[in-house]
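Here is how the chains run, residue by residue.
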Amino acid sequence: MMNVDLPSPRLRFAPSPTGVLHIGGARTALYNWLLARGSGGTFVLRIEDTDRERSTPENVEQILDALRWLELDWDEGPYSQWERRDRHGEVVERLVDGGHAYEDEGAVRLRVPDAGETVIHDAIRGDIAFPHSAIKDFVIRRSDGSPLYNLAVAVDDLDMGITHVVRGDDHISNTPRQVMILRALSEEPPAYAHLPLLHGPDGKKLSKRHGAASVQDLREAGYLPEAVRNYIALLGWGYDESTTFFTTEELIERFDLSRVSKNPAVFDEQKLRWMNGRYLRELDPDDLRRRLEELTGREVPPEAVAITQEKMQTLTDFWPLAGFLVQRGPFDDRAWARVMRDSGPERLRAARDALEHAGEPFDVERVEAALRGVVERLGVKPKDVFQPVRVAITGTTVSPGIFESVAALGREETLARIDEALRRASGTGH
RNA sequence: GGCCCCGUGGUGUAGUGGCUAGCACGCGAGACUUUCACUCUCGUAGCGCGAGUUCGAUUCUCGUCGGGGCUACCA
């Protein structure tokens, strides 16, 4: 039931464009987005670009790109904090005029009382008290006139009507400063929630140093956005004791700050891989094919998707498995040596003949019947026949199912490749 | 150093003043099987430590240790 008396929540994601969006930032964006979508609220995007050195258009575009790929759409923005610098300057003036701030060597500092404390109410951690004795008068405007982070954030959150600030743990110490600025302006601070940081495998705050941790890296590594969303939602949050898979609708409905954990999480790509594989197998084949083409920029035969979908963990697993369908590769030496020794070539020859005389259509059923017939006639194990065929047509011992592979390749090309292998066997063999 | 946050298997989490501490990934073994993968079964491993409160603490309190964050005229 809606409470029409309460203003609808306004949340924001406010990254600084210092490079790529890593999964920690992506998770913060996701949580804000889920909260907004689950409450009929508004999701605001604001770029904290007051550091002109790092805030390049390319960096900003990277962030927007990553958010679009994750399908986290924003209702307002992106606002540029830099473009609001005149407004920030006005507020500084007001604080100085009101006696809350003063000039010091060209810069402006906020006056922090010597005694007392500022308490912030955190939705995840409860009340946190900061003794003023530990906070010195801090700079809110540089001597060149530009505003500093804490000032800009406080003013922007205020002006943009932000009701809930959900951000990383590393901002806890900044919060009392922002609250003090707001109070000096006679304004009430928004509600705060500080998420535990994501750590790298070394236990440190996640950064660019930690390998494939950016959203664009994950995209290039062949992960699906829905899998990434599901996975990162679970980094720091759990719904119950056993649910692992959530549709986006379920996440929107069930996500709740009160169930966000307090301790930092470590990104585990193994689990993402597993989860991505599960999502991949659920995909409609046409959809999967479209995504493969989009990522790899190569045309993908539908039958290649059909025979590899069960075996992929990420989209980048595709070509190594299915490449043989569009291109003859070299024979892997170890694979060749393993299957072509002894009577390998003989069995391959038998398989060749059986395939040549299998009827029409040359489909999975006929291929299987033909090859199993050879196994039976020769009185050998299935793999004694299948593996040589596999190596002959794919070059390696690892491939999709052999019947499917042969049928997808087609009779003509299959026979041609087997012939080539047989020639090679007789040329280099005994 | 000061201030602040956090501490359940290797990883992500669930959970309770009394349970065989649950689930998932990973790892190991087995089943299936034409390779790989999938799937299934079984197994592996955890409440940082020390006091206190209590009939009883993983759970509550204090301390301690450990990890992390902030402490910029960075964001």
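Remember, it's a predicted structure, so these values are computed and weren't measured experimentally.

**Description of the packing of aromatic side chains**
Then, number 1: Tallying each qualifying case throughout the model produces eleven aromatic pairs.
Then, number 2: Judged by centre distance (6.4 Å) and plane angle (40°), the rings of Trp237 and Tyr239 are tilted.
Then, number 3: Ring geometry for Trp237 against Phe255: centres 5.4 Å apart, planes inclined by 45°, an arrangement best described as tilted. On the criterion of sequence distance, the pair formed by Trp237 in the loop between helix H7 (225-233) and helix H8 (248-254) and Phe255 in the loop between H8 and strand S12 (265-266) is long-range, its members being 18 residues apart. Both residues of the pair, Trp237 and Phe255, count as buried.
Then, number 4: Through successive ring pairs, a cluster of aromatic residues spans Tyr31, Trp237, Tyr239, Phe246 and Phe255.
Then, number 5: Directly above the aromatic system of Trp82 lies the positively charged group of Arg85, at a separation of 4.1 Å from the ring centroid.
Then, number 6: Arg254 extends its terminal NZ or CZ atom over the ring of Tyr239, reaching a point 4.6 Å from the ring centre.

**A closer look at the pattern of salt bridges**
Then, number 1: Under the defined criterion, the tally for this structure stands at 32 salt bridges.
Then, number 2: A salt bridge links Asp287 to Arg291, with the nearest nitrogen and oxygen atoms 3.3 Å apart. Taken as a pair, Asp287 and Arg291 lie in helix H10 (residues 285-296) at a separation of four residues, close to a single helical turn.
Then, number 3: Residue Arg291 is classed as buried on the basis of its relative accessible area of 16%.

**So, the nonpolar core**
Then, number 1: With 100 residues, the main nonpolar core has Leu355 and Leu371 as its most contacted residues.
Then, number 2: Ranked by residues supplied to this core, first place goes to helix H1 (residues 23-39) with nine residues.
Then, number 3: Not counting chain neighbours up to four residues away, the residues in contact with Leu355 comprise Phe362, Val367, Ala370, Leu371, Val406, Arg411, Thr414, Leu415 and Ile418.

What counts and what doesn't
Residues numbered from 1 in each chain as written. Chains lettered and ligands numbered in written order. Predicted model: local features only at pLDDT ≥ 70, side-chain atom pairs only at ≥ 80, totals over all residues. Heavy atoms only, no water. Phe/Tyr/Trp six-rings, centres within 6.5 Å; stacked < 30°, edge-to-face > 60°. Helix = DSSP H or I, 4+ residues; strand = E, 2+ residues; numbered from the N terminus. Buried < 20%, exposed > 50% of the residue type's maximum accessible area, 1.4 Å probe, protein only. Lys NZ or Arg CZ within 6 Å of the ring centre and 35° of its normal. Salt bridge = Lys/Arg side-chain N within 4 Å of Asp/Glu carboxyl O. Core = buried A, V, L, I, M, F, W, Y, C linked by side-chain atoms within 4.5 Å. Contact = heavy atoms within 4.5 Å.

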